[in-house]
Amino acid sequence: MSKPKVFEKPVGVKDYLPLAVTKLRQIERSVLDCMEGWGYEQIITPTLEYYDTVGVASSTSDQRLFKLLNNRGTTLVLRSDMTAPIARVVASLLRGHEFPLRLSYHASVFRAFENEAGRDAEFFQTGVELVGDSSAEADAEVIALAIASLQSAGVKRFRIAVGHVGFLNGLLEELLPGRESDQSKLKDYLLNRDHVGYRDELKRLGLAEAVQRELEGLLRLRGGREVCEQAIELSSNETARQSIAHLRQVWDALEAYGVSAHVLIDLTMIGDFSYYTGMTFEGYASDLGFPVVAGGRYDNLLQQFGRPAPATGFAIKTTRVLELVGEESEPQRRILIGYDSAGRRRALAEARRLRESGATVVTAQLEAPGFHHGDAPATSGERLPATVGGERLDRKAHRLSDGESVRYGGQVYGVFLSFFEGNEKGAGL
Amino acid sequence: MSSGNRAPQELLKVAMPKGRIYKQASRLFREAGLLIQDDLEDTRKLIIEVPDAGMEFIMAKPVDVPTYVEYGVADIGVVGKDVLMEENKDVYELLDLGIAPCRMSVIGLPDWKPVMNPRVATKYPNVASQYFRERGQQVEVIKLNGSIELAPLIGLADRIVDMVETGQTLRDNGLVEMEPMFGVTSRLIANRVSYRMKNERIQSLCDRLQVTLSARV
């Protein structure tokens, strides 16, 4: 590859300009507030982890991890998700902490080289982990919280698809006993969303007609609670039946939360088998081609860090939510204070007072370049805030009349205060 | 079977491959009861509303269909398995439409003998590399964009990987089909999100197409 041009950055990483950052922070804050409201406490972990611990334990495949060597030659990774680092913390620093643990996070995660289809190499995730509770209630809680989080972020139309890895495992073991390679082939087709390949493979296996029909019927098992009833008919396998019973309880709890209208049960929806151990779910928003939420139960992860425990959780792809709710946000109330050297002390004191009361204040010595009066599109006919009042100040303040604005450094200000004390001429703008 | 008197709803965006497959796909859709005018392809428009079928056709170059669907700018699409295998996009492959049947094959001159540094020319570099790797053969894959048959004739490659429909082009150029790799037909694919958000409509389209297909056989 040729030497990068000065404006270029590595493939898959992004800059966020002030407008986008404002919106991103809003989303992040409302989602984290929502999670806090459910009793989830925020945690921060390092960007770098050891490959042999967090890297190996994470659900990200090896070739998609960013790896680097430290000065001793040990392989490090940039974290590819927050679940494995949190598992590490839960098993070490929080080892003495009783279960269940409710933790939340907002962090950037890294996935190597996927230069297509809106997949970033670095993106923001906001999520939770509920550790130490294996019940259906816990699974329902994280799904309900995912729904509440999407709503608080301003996502309007969305749907959550819920599946369970146990059902398919049980069903296949029952119908194709001991034929592990055939089972995993079928699962691979479903995992790759290749229904045609799945059906063709079923035909190739030369199964009894009833069995084949049953396994084909799996592709249509989508809907509400009734899907559980249909599914339980399909299998007498213990794992499969337990999984369905679990899903049923999850559904009932979601109904009690009042959110089941957003939820669709889909038994072909199976996450990565090496990672998820029970319920899995994905959230989709209309007008966005990619899922915005993914989560599920991962009961085997914690034991890799020496503290076996059931766990469930989800992550919202915050960067995608940003695309969805757009970047437009309310124009901020900004105040510009101009001063000359004699008026500086009073100007800066006033700026401090205004900032303490929550205003956004920019100060500038008026001789500075980039200052124009009224040559920008008007933002608002805003009056001086009432708190600014007072005789002495008023005399010196340059009040802008309706529709007037000042422009400084490419920004438009609806409120302008001036403190010119040395030279009265300087006040004439 | 008309959907004309249904309440107005969002159109289902369908990425349709221009050319050969389009004719067969639209015929199949019509047989399934969808009201699609038959002169659509004559227009030069790239986006065509088909309101009676509740659809909007996005007329795409076939190899781009999976991309449109993966990004979600089209909800569903019709595309050959050859393209799906080559592009390897994250989409649902819902239905084998059975149209535009042909096969992917390894092709060479009749007197082909194993060579020291095998070279394979193809329009499908990913498919070809994977095929030979799975068979434990290391070959150099050369990507060409058309007239692949030229490559063995003029010594660019000793074999080619390409689609064979009737085999006429091969015979005309003195080439032989050495190994058929897999059969290719067109598939109905769906975007991951659309598949959930517009589940009912996509499922009902699938069902209608499936009924039509089994009646055809």
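A quick note: this is a predicted structure, and the numbers were derived from the prediction, not measured.

Attention now moves to the sheet that holds strand β3 (residues 55-60) of chain B. Strand order in this open sheet of six strands is β2-β3-β1-β4-β11-β5 (chain B), and the pairing throughout is mixed. Because the sheet does not close on itself, it has two edges, and the strands there are β2 (47-50) and β5 (92-96) of chain B. Strand-to-strand, the axes of this sheet are offset by a mean angle of 30°, without reference to chain direction. Inspection of the sheet shows strand β1 (residues 12-17) of chain B paired to strand β4 (residues 76-80) of chain B by two bridges, in the parallel sense. Its bridge partner lying in β4 of chain B, A15 of chain B is registered against G77 of chain B. The strands that helix α7 (residues 195-204) of chain A touches are β5 and β11 (186-190) of chain B; relative to β5 of chain B, the one it contacts most, it runs at about 55°. Relative to β1 of chain B, helix α1 (residues 20-31) of chain B is tilted by about 140°, and along the sheet it contacts β1, β3, β4 and β11 of chain B.

Residue and element names in this part refer to chain B. Where nonpolar side chains cluster on the molecular surface, the patch consists of L150, L153, I154 and L156 and spans about 350 Å² of accessible area. Assignment of secondary structure puts L156 in the loop between α5 (150-154) and β9 (159-164). Look at L156 and you get partly exposed, because its relative accessible area is 32%.

What follows concerns the interface of chain B and chain A. Taken together, the contacts link 25 residues of chain B with 28 residues of chain A. Among the residues of chain B in contact with chain A, R192, R196 and M197 of chain B are the three that bury the most area, contributing 31% of the side total. If you look at where chain B meets chain A, you find seven salt bridges. Residues R157 of chain A and E10 of chain B are paired through a salt bridge, measuring 4.0 Å at the closest nitrogen-oxygen approach. Run the count over chain B and chain A and you get 14 residue pairs in polar contact (both at pLDDT 80 or more). Counting residues per element, the ones that place at least two in the side of chain B that touches chain A are α2 (65-71), β5, α7 (192-197) and α8 (199-216) of chain B. For the side of chain B that touches chain A, the residue count by class is eight nonpolar, five polar and 12 charged.

A few words on the UniProt feature "domain: ATP phosphoribosyltransferase catalytic" (unreviewed entry) in chain B. Sites flagged by UniProt as "domain: ATP phosphoribosyltransferase catalytic" (unreviewed entry) map to residues 61-210 of chain B. For the annotated span residues 61-210 of chain B, helix accounts for 35% and strand for 30% of the residues, and the straight-line distance between the end C-alpha atoms is 25 Å.

So, on to the packing of α1 of chain B against α8 of chain B. Residues and elements named next belong to chain B. Contact geometry of α1 with α8 gives a least axis separation of 9 Å together with a crossing angle of 100°. Viewed along their axes, α1 and α8 adopt a mutual orientation that is roughly perpendicular. Taking contact as the criterion, the partners of R27, L28, F29 and E31 in α1 are, on α8, L209, T212, L213 and R216. Partitioning the contact of α1 with α8 into residue classes produces four nonpolar, one polar and three charged.

About the cut-offs
- Residues numbered from 1 in each chain as written.
- Chains lettered and ligands numbered in written order.
- Predicted model: local features only at pLDDT ≥ 70, side-chain atom pairs only at ≥ 80, totals over all residues.
- Heavy atoms only, no water.
- Pairing = 2+ DSSP bridges.
- Helix = DSSP H or I, 4+ residues; strand = E, 2+ residues; numbered from the N terminus.
- Axes fitted to C-alpha atoms, helices over the stretch in contact; angles between N-to-C directions.
- Contact = heavy atoms within 4.5 Å.
- Patch = residues over 30% accessible without salt bridge, like charges linked within 9 Å, V, L, I, M, F, W, Y side chains within 5 Å.
- Areas by Shrake-Rupley, 256 points an atom, 1.4 Å probe, with all protein chains shown as cover.
- Salt bridge = Lys/Arg side-chain N within 4 Å of Asp/Glu carboxyl O.
- Buried < 20%, exposed > 50% of the residue type's maximum accessible area, 1.4 Å probe, protein only.
- Buried area = accessible area lost by both parts, 1.4 Å probe.
- Polar contact = N/O pair within 3.5 Å; in protein donor to acceptor, adjacent residues only side chain to side chain.
- Nonpolar A, V, L, I, M, F, W, Y, C, P; charged D, E, K, R; others polar.
- UniProt positions renumbered as here; feature names shortened; annotations may be inferred.
- Parallel < 35°, antiparallel > 145°, perpendicular 65-115°, else oblique.

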